[in-house]
Amino acid sequence: SKPRVLVTRYVPYIFEQLERAHVDVDVFERDDVAIPREELLRRVQACDGILCMLTDQIDHEVLASAGSKLKVVSTMSVGYNHISVDECRAKGIAIGFTPGVLDTSTAETAIALTFMAKRHAMASVNSAKNGEWGVWQPFQYCGSDVEGSTVGIVGLGRIGAKYAQIMKTAFNCRILYTGPKEKPEVAEPLRAQFCSLNELLGESDIVSVHCPLTTSTRHLFNADTFPLMKSSAVFINTSRGPVVNQDALYDALVAKQLAAAGLDVTDPEPLPVDNKLFTLPNCTIFPHIGSATIKTRQAMADIAIQNVLAGIYNKPLPHAV
Ligand code: GLV
Ligand code: GLV
């Protein structure tokens, strides 16, 4: 019989491509909600491969529910913190992800947030819209220029390096970076300087987070670290929400320990509309749109399809974790 692939979200393109590849496709019928947990647990039992989204927790319970025929978990994302990697490895289940194709889109999202934060864009937009803006004033709504800033990159991976490259070449920024290890071959063309997190926080005008969510980066930004930032600095996060202790970020913004924040990711997602971060004019929150361009999402879908097809036929994945 044909191999069976569970697709956890209704994406016509993915469905059509898999049908064309002569696999038996079990697709969740909706594109506007994540597959309910009980549906995932039930449907996973019969499949050889899963094509999932970052909204699906592929954890012990799901892997236990899956039959022994499950060979591959292919996520349409570069992040894979929602997948129990160790358990997949132990069970010989391949994991596919989508690195490389979303670096530019995500770096550009971080740049958009950087300018929002540096130029008080939230407060300005609201003021223009709600009639608060009376007349042009010489020193109203003034922020600071991005050009010539010192930029601290937390995690100089593909996306962090792309952001750093744009900030350096377009805006003549000085680049600092931190992470588990020095990356001389990436750092050298950027003339990026490796330093500790504490040093980076103390020196940067812009701190931009590009690390994966792991046990060592969970709440890396907390009540001990935010106060180390310059009071004029901005904090940008396009990685994963739980890298930040949001209560600590709120307190730090209110205490003016930093000037502004731009977040593409929160914990949870969506952030409840009554969350106190929404009350702050100096905190911009995007609905996880880092990779959200047509071109990039198309490329991510293609890689996720190729990964799941390789996995169900026991071939090496083009992009394996
Ligand atoms: C988006 O957050 C991704 O991991 O691709
Ligand atoms: C993260 O996976 C990156 O590509 O930087």
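What counts, and at which threshold
- Residues numbered from 1 in each chain as written.
- Chains lettered and ligands numbered in written order.
- Predicted model: local features only at pLDDT ≥ 70, side-chain atom pairs only at ≥ 80, totals over all residues.
- Heavy atoms only, no water.
- 1 Å grid on protein atoms, 1.4 Å probe; cavity = no way out; pocket = protein on both sides within 12 Å on 5 of 7 lines; lining within 4 Å.
- Points joined across faces, edges and corners; volume = space filled by probe spheres on them.
- Helix = DSSP H or I, 4+ residues; strand = E, 2+ residues; numbered from the N terminus.
- Nonpolar A, V, L, I, M, F, W, Y, C, P; charged D, E, K, R; others polar.
- Axes fitted to C-alpha atoms, helices over the stretch in contact; angles between N-to-C directions.
- Left-handed = near helix turned anticlockwise from the far one by under 90°.
- Contact = heavy atoms within 4.5 Å.
- Core = buried A, V, L, I, M, F, W, Y, C linked by side-chain atoms within 4.5 Å.
- Buried < 20%, exposed > 50% of the residue type's maximum accessible area, 1.4 Å probe, protein only.
- Pairing = 2+ DSSP bridges.
- Parallel < 35°, antiparallel > 145°, perpendicular 65-115°, else oblique.

Q: Sorry if this is basic, but what is going on with empty space enclosed by the protein here?
A: A water-sized probe, rolled over the atoms, reveals where empty space remains. According to the stated counting rule, one finds one cavity of 30 Å³ or more in the structure shown. Around the largest cavity sit Met116, Ala117, His120, Ala121, Met122, Ala260, Ala261, Pro281, Asn282, Cys283 and Thr284, which together line it. Elements that contribute at least two residues to the lining of the largest cavity include exactly helix H5 (103-118), helix H6 (121-130), strand E11 (260-263) and strand E12 (283-285). The residue inventory of the lining of the largest cavity, partitioned by class, reads eight nonpolar, three polar and no charged.

Q: Could you clarify how one ought to interpret the packing of helix H1 (residues 12-20) against helix H11 (residues 294-312) in this entry?
A: The description of two helices packed together rests on the angle between their axes and the distance between the axes. Relative orientation of the contacting elements H1 and H11 amounts to 35°, with a least axis distance of 10 Å. The two elements H1 and H11 meet at a crossing, and its hand is right-handed. Contacts between H1 and H11 involve Tyr13, Ile14, Gln17 and Leu18 from the first element and Gln298, Ala301, Asp302, Ile305, Val308 and Leu309 from the second. Grouping the amino acids of the contact of H1 with H11 by side-chain chemistry returns seven nonpolar, two polar and one charged.

Q: Honestly, the nonpolar core in this entry has me stumped. Any pointers?
A: When a protein is soluble and globular, its nonpolar side chains tend to lie buried together. Residues Phe221, Phe226, Phe235, Leu249 and Leu277 are the most contacted members of the largest nonpolar core, which totals 29 residues. Going through the elements one at a time, helix H9 (197-203), strand E9 (206-209), helix H10 (246-254) and E11 are the ones with two or more residues in this core. Among the elements that take part in this core, H10 stands out by supplying five residues, more than any other. In this structure leucine 249 touches Phe226, Phe235, Val244, Leu258, Ala261, Leu263 and Leu277, once residues within four positions along its chain are discounted. Ranked by size, the runner-up nonpolar core spans 25 residues in total, among them Val146, Tyr163, Cys173 and Ile236.

Q: For this particular structure, what's the right way to read the sheet that holds strand E6 (residues 150-154)?
A: Spatially, the seven strands line up as an open sheet ordered E8-E7-E6-E9-E10-E11-E12, and their pairing is parallel. Strand pairing shows two members of the sheet lacking a second neighbour, strand E8 (193-194) and E12, which therefore form its edges. Lying on the sheet, H5 is in contact with E9, strand E10 (234-237), E11 and E12; it crosses E10 at an angle near 155°.

Q: How should the packing of H5 against helix H7 (residues 158-171) be read in this particular structure?
A: Contact geometry of H5 with H7 gives a least axis separation of 8 Å together with a crossing angle of 55°. Taken as axis vectors, H5 and H7 run oblique relative to one another. With respect to the hand of their crossing, H5 and H7 are arranged in right-handed fashion. Residues Asp103, Thr104, Thr106, Ala107, Ala110, Ile111, Thr114 and Phe115 of H5 touch H7, and the partners they reach there are Arg158, Ile159, Lys162, Tyr163, Ile166, Met167 and Phe171. Along the lines of polarity and charge, the residues of the contact of H5 with H7 split into nine nonpolar, three polar and three charged.

These results come straight from atomic positions and should not be treated as a statement about function.
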